[in-house]
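Observations on the three-dimensional arrangement
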2 protein chains.
Amino acid sequence: MHNNLGAIEATADACYNIAAVERDTGLSKDTLRVWERRYGFPKPLRDRHDERLYSLPELEKLRLLRLLIDSGHRPGKIINRSVSELTQLLSSRAPAQNTPPEIQVMIELLLRHDVENFRNALQQALMKQGLLRFVSETVTALNHWIGEAWLAGRVAIFDEHLYSEHVQNILRNAIIAQPGRGSAPRVLLTSLPGEKHRIGLLMVEAVLAAEGAACVALGTETPVIDIKNAVPAYEVDIVALSFSSAVTQSAALAGLSELRGLLPDGTEIWGGGGALARTRKAPEGILLLRSFDDMRYALERWRVEHARR
Amino acid sequence: MHNNLGAIEATADACYNIAAVERDTGLSKDTLRVWERRYGFPKPLRDRHDERLYSLPELEKLRLLRLLIDSGHRPGKIINRSVSELTQLLSSRAPAQNTPPEIQVMIELLLRHDVENFRNALQQALMKQGLLRFVSETVTALNHWIGEAWLAGRVAIFDEHLYSEHVQNILRNAIIAQPGRGSAPRVLLTSLPGEKHRIGLLMVEAVLAAEGAACVALGTETPVIDIKNAVPAYEVDIVALSFSSAVTQSAALAGLSELRGLLPDGTEIWGGGGALARTRKAPEGILLLRSFDDMRYALERWRVEHARR
DNA sequence: ATTGTGCATTTGTCATGGACATTATTGAGT
DNA sequence: ACTCAATAATGTCCATGACAAATGCACAAT
C-alpha cells in the first residue's frame, strides 16, 4: 500500500508515501508540502505518477525536526541544518533539574529497559506513599521528567509507551482496590478529541476515587457532542477534562467554552493539566484546577454547597 | 478557535470548521470537500473568508453516514437520503444473533448506564471462569456484540468508551495479579499507528501472562521504526500485533510486511485480530493467529523449538 | 453453487499554487 | 520592566484536476 514491496528501485529505501510520513512524524500532509515549497526540504523522489516518495533518512530528519520544534525551535531556523547539527541541538538542552533520588532510580530502570524492576519500584512507591501522595508526587515528577527527556531525545518513544502502560496498570489497579462504591458527586472524566494522554486522566480518577467521589471514566478523545449526551445518561454533576501540554492553551479553552455552551448550568465543568497551567483567567462557568489540592478543595466546596437539601 | 463564540449569526449553530468536523466524524478534509463537489452534500455555509462552516445537523448526518458506510453501504447511494431514512437503515440491520444469557445481562446493565453493577458483573464472570475463559469467551462475545451494536447505532459512543475503560480495568488488574514474573519467550505487544483499540491487545497480554510468557506491552500506535528499535532494546523473541476490524485487511498486511523487512529473521512476528480473520495466506515470515487457541499452540511450538540449546 | 477473471464505476487520496488565519517575534511607547 | 501594535513566520484552507485503489458486476470455469 504505502511501499513498493518487491519493486526494484534505484534507491531501495525511498519508499514512504506522504500518508506514511504523516503517520510516523505527526506532521500534516499540508505541512510537508509547504515545507518542500518554501524551504526545499524534504525533497522526496517521485513515483511514476508524480507522487512523493520519502526516503528513510528524510523521515528520520523529519522526526528530529519535530522534536526540536516541539521543544521551542522554529522550523525556518533549523530545517536546513545537517542531522548531526540537529542531534547536537537536542542533546545540548538544559539537563533535568534536581530530581529526588527515588525518581532517579526509577528512571534508571526505565532507561535500562528493566521492565520487571521498574514495575516493582512503582508498586513499592505506591505502597509506601499511599495513593494520594503517589499520584501527586511520584507520578507527577515522573511525568515531568519523561516529558523533558522525550523532548531532549534521551528516551525513545517505546520507552515512553512502556512507561505509560505500566503507570496505567498501577493506577487502574489501585483505583479498583479503593474501598466503597463512591458517592456524590458523580464526576464524568474524559478528554477532547486530539488529547490522547491517558495518564493525567487516570491520576484524576485515582484522586477522586480516594476522596470517595463516583467516577464515570470515558477514556480519552470523546467528542463534545458525546459528552453532552453522556451527562444526562449517567446523571453526572461535574465534567472534568484533562489537557496535557501537547495541546495548545487556546485549543483547550475553546473546547471548554464550547462544552459550556452545550451543558446545563447545573453541571459544573472542571479543567486541568499542563495546557492550562499558565492560564490566568478561566472562561465564564469553568473551574480551572492547577493542582490536585485545588481539586480536593473544589470537591469539598461542591459537597458543602450541595449538603443542605 | 473552531466556533464563533459571541458572534451573532443568522444560524447560530453553523459553527464547526472543517478541522472540527474531521475530528468529530473521522472523515478526512479531502473527503468532505470531494463529497461537497460530487454529491452536493454537505453544503456548509462560508465565513467571510470563504471557509466552510458546518452546521450541527450536517455534522450529525455525517456521523450517521460514517456509521452506515462502515457497515457496508456506499456513499453515493445514501448520501442524499434524509436523516430519518438513514436512521431507519441503521436500525434495520440484522439484529444480534443468539447471545448467551450472561452476556445479555451485562449488555442490559451497560445500556442502563448502571456503572457499578456492570463492573461487578464483569468481575464476577472473571472470578467464575478464570482469566483464560473470561478472555476467550466473555470478552470476545462482548466485543463482538458492542461492535455490532455500535454500527447499528444501538449504543452511543460514550457507552462504548465506558465499556472499553472497564474491561481495561478488569484485564489490567488480572494481569498484574498473575503469579510469577513470566519467562521465555519475551513478547512485544503493540499495534501500528491508526489502530487505537486497546482491548484486543490487553486480551492477548492476559492470555500470554496466564501462559507464563514475559510481555512487554507498548500500548497502541507504535510507528514501525520504533518497533524495530524496541526489539533489541527489550531483547524480545516475538512481536505480536493486533488489528481490529476498524483497519482494512490490506493495511494490516502491508504493515506486517513492512515490519518483516525491518526485523531480523530470528524475531517472529505474530498478527491477529478482526482485520485478519478472513485472510487465507499469511505473508512470508508472518504467523497469523485466528484464535486464542492458535496463539497458545504457537507459544507451545516456540517453546519446543527453543527448548534444546 | 461457488470461485475466479476482466472491465466499468465509484470513491478516496494526492498534486499545485494561491490566499489568508494564527502564532511568534520585534520594536515602540508607557 | 511591561504592554501593545506592527511585522514576520508558519500552518491551514481553498479550488480544481488527475488518478489509484476499492468495489460491483457480468460472465467463464471449476
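Conventions we followed
Starting from 1, residues in each chain are numbered consecutively following that chain's sequence as written. Just so you know, chain letters begin at A and ligand numbers begin at 1, following the order they were written in. Thresholds applied to this predicted model are a pLDDT of at least 70 for local features of residues and 80 or more for the giving and counting of side-chain atom pairs; totals over whole chains, interfaces and linings are not thresholded and use all residues. The side-chain numbers reported here are obtained from all heavy atoms of the structure, hydrogens and water having been left aside. The numbering of helices and of strands both runs from the N terminus, where a helix is a DSSP run of H or I of at least 4 residues and a strand a run of E of at least 2. We call a residue buried when its accessible area falls under 20% of the maximum for its residue type, exposed when it is over 50%, and partly exposed in between, using a 1.4 Å probe and counting protein chains only. Any two residues whose heavy atoms approach within 4.5 Å at even a single point are treated as in contact. Only the protein chains shown count as cover for residues, and the accessible areas themselves come from Shrake-Rupley with a 1.4 Å probe. A positive count includes Lys and Arg, and a negative count includes Asp and Glu. His and the chain ends are not counted in either. By convention, the charge on Lys lies at NZ, on Arg at CZ, on Asp at CG and on Glu at CD. A least-squares fit on C-alpha atoms brings the copies together, and the residues used are those whose pLDDT is at least 70 in both copies. The rule for pairing is simple: two strands pair if DSSP sees at least two bridges between them. Fitted lines through C-alpha atoms give the axes, limited to the stretch in contact for helices. The angle between two N-to-C directions lies from 0 to 180 degrees. Residue proximity to a molecule or strand is established when one non-hydrogen atom of the residue lies within 4 Å of it. Under this definition, polar contacts are N or O atom pairs within 3.5 Å; protein pairs additionally need one hydrogen-donor-capable and one acceptor-capable atom, and for neighbouring residues in sequence, both atoms have to be side-chain atoms. Note that Gly is not counted as nonpolar here; it falls among the polar residues with everything else outside the nonpolar set of Ala, Val, Leu, Ile, Met, Phe, Trp, Tyr, Cys and Pro and the charged set of Asp, Glu, Lys and Arg. Crossing chirality is assigned from the near helix's rotation relative to the far helix, an anticlockwise turn below a right angle marking it left-handed and a clockwise turn marking it right-handed. Throughout this description, the term nonpolar core refers to a set of buried Ala, Val, Leu, Ile, Met, Phe, Trp, Tyr and Cys residues connected via side-chain atoms within 4.5 Å. Classification of ring pairs rests on two measures: the distance between centres of Phe, Tyr or Trp rings, Trp counted by its six-membered ring, which must be within 6.5 Å, and the angle between planes, read as stacked under 30 degrees, edge-to-face over 60 and tilted in between. Counted as over-ring charges are cases with an Arg CZ or a Lys NZ within 6 Å of the ring centre that also lie within 35 degrees of the ring normal.

**Regarding the overall build of chain A**
- Counting its regular elements, chain A contains twelve helices and eight strands.
- When burial is assessed residue by residue, chain A has 50% of its 309 residues classed as buried.
- Here the contacts in chain A between residues at least 6 apart in sequence split such that 66% fall between residues at least 24 apart.
- Accessible area for chain A stands at about 14800 Å²; split by element, carbon and sulfur atoms hold 52% of it.
- Across chain A, the 37 positively charged side chains and the 37 negatively charged ones have centroids separated by 4 Å.

**A few points about the relation of the copies chain A and chain B**
- In screw terms, the move from chain A to chain B is a rotation of 180 degrees and a rise of 0.0 Å along the axis, fitting with an RMSD of 0.2 Å. Overall, the copies show the geometry of a two-fold rotation axis. Ranked by how close their C-alpha atoms come to the rotation axis, the residues of chain A are headed by A:Asn173, at 2.6 Å.
- The share of interface residues of chain A whose copies in chain B are also at the interface is 100%, consistent with both copies meeting through the same surface.

**Here's the deal with the sheet that holds strand S4 (residues 183-190) of chain B**
All names here are of chain B.
- If you walk across this open sheet you meet the five strands as S5-S4-S6-S7-S8, and the pairing is parallel. The sheet is open, and its two borders are formed by strand S5 (213-217) and strand S8 (286-289), each paired with just one other strand. Between one strand axis and the next, the sheet turns through 25 degrees on average, direction left out of account.
- Those strands touched by helix H10 (residues 224-234) are S4, S5 and strand S6 (238-242), and its axis lies near 160 degrees from that of S4.
- Packed onto the sheet, helix H12 (residues 292-305) meets S4, S5, S6, strand S7 (268-272) and S8 and runs at close to 170 degrees relative to S7.

**So, unusual backbone geometry**
Residue and element names in this part refer to chain A.
- Residue Pro 42 is bonded to the preceding Phe 41 through a cis peptide linkage, with omega at -5 degrees.
- With respect to the helices, strands and loops of the structure, Pro 42 is situated in the loop between helix H2 (29-39) and strand S2 (45-46).
- Positive phi outside glycine occurs at His 113, with the angle close to 60 degrees.
- Residue His 113 is classed as partly exposed on the basis of its relative accessible area, which comes to 21%.

**A few points about the protein's contact with DNA strand D**
- In the vicinity of DNA strand D lie 22 residues, with A:His49, A:Gly76, B:Lys29, B:Arg33 and B:Arg52 positioned nearest.
- Note that a base oxygen of DNA strand D is positioned 2.5 Å from one of the side-chain N or O atoms of A:Arg38.
- In the model, a phosphate oxygen of DNA strand D is placed 2.5 Å from a nitrogen or oxygen of the B:Lys29 side chain.
- Only H2 and helix H4 (75-78) of chain A together with helix H1 (18-25) and helix H2 (29-39) of chain B provide two or more residues apiece to the surface near DNA strand D.
- Take the surface near DNA strand D: its biggest share by element is six residues, from H2(A).
- Within the surface near DNA strand D, the residues separate by chemical class into six nonpolar, five polar and eleven charged.

**Concerning the protein's contact with DNA strand C**
- The local shell around DNA strand C holds 23 residues, among which A:Lys29, A:Arg33, B:Trp35, B:Arg38 and B:His49 are the closest.
- In the interface set of DNA strand C, defined as its atoms within 4 Å of the protein, sugar plus phosphate atoms amount to 70%.
- Between A:Arg52 and DNA strand C, the recorded distance is 2.7 Å, taken from a side-chain N or O atom to a phosphate oxygen.
- Within the side chain of B:Arg38, an N or O atom sits 2.5 Å from a base oxygen of DNA strand C.
- For the surface near DNA strand C, the secondary-structure elements that each account for two or more residues are helix H1 (18-25) and H2 of chain A together with H2 and helix H4 (75-78) of chain B.
- Examining the composition of the surface near DNA strand C, we find that six residues originate from one element, H2(B), more than from any other.
- When the residues that make up the surface near DNA strand C are grouped by side-chain class, the tally is seven nonpolar, five polar and eleven charged.

**Section: the packing of H1(A) against helix H3 (residues 56-70) of chain A**
Residues and elements named next belong to chain A.
- Following both chains from N to C, one finds H1 and H3 inclined at 40 degrees, their axes separated by 10 Å at the closest point. The element H1 and its partner H3 pack so that their crossing is right-handed. Between H1, through Val 21, Asp 24 and Thr 25, and H3, the contact on the second element is made entirely by Leu 59, Leu 62, Arg 63 and Arg 66.
- A breakdown of the residues in the contact of H1 with H3 according to their chemical character gives three nonpolar, one polar and three charged.

**Quick notes on the nonpolar core**
- Ranked by size, the top nonpolar core spans 73 residues in total, and within it A:Tyr163, A:Leu171, A:Leu208 and B:Val239 carry the most contacts.
- For this core, the element with the most residues is helix H7 (residues 115-151) of chain A, which contributes 14 residues.
- With residues up to four places along the chain from it excluded, the contact list for B:Val239 reads B:Leu188, B:Ile227, B:Val231, B:Leu259, B:Leu263, B:Thr267, B:Glu268, B:Ile269 and B:Trp270.

**Description of the packing of aromatic side chains**
- On inspection of all chains with the given rule, the structure shows four aromatic pairs over all chains.
- Seen in terms of ring centroids, A:Phe118 and A:Tyr163 are 6.4 Å apart; in terms of plane orientation they differ by 50 degrees. Their pairing is tilted. With A:Phe118 in helix H7 and A:Tyr163 in helix H8 (residues 157-177), the pair connects residues that are 45 residues apart, well separated along the chain. Like A:Phe118, the residue A:Tyr163 is buried in the burial classification.
- Between the aromatic rings of A:Phe158 and B:Tyr234, the centroid separation amounts to 5.7 Å while the plane-to-plane angle is 75 degrees, which identifies the pairing as edge-to-face. In this pair, A:Phe158 is assigned in helix H8 and B:Tyr234 in helix H10, connecting two distinct chains. Both residues of the pair, A:Phe158 and B:Tyr234, count as buried.
- Its end group placed over the ring of A:Phe41, A:Lys61 keeps NZ or CZ at 4.2 Å from the ring centre.

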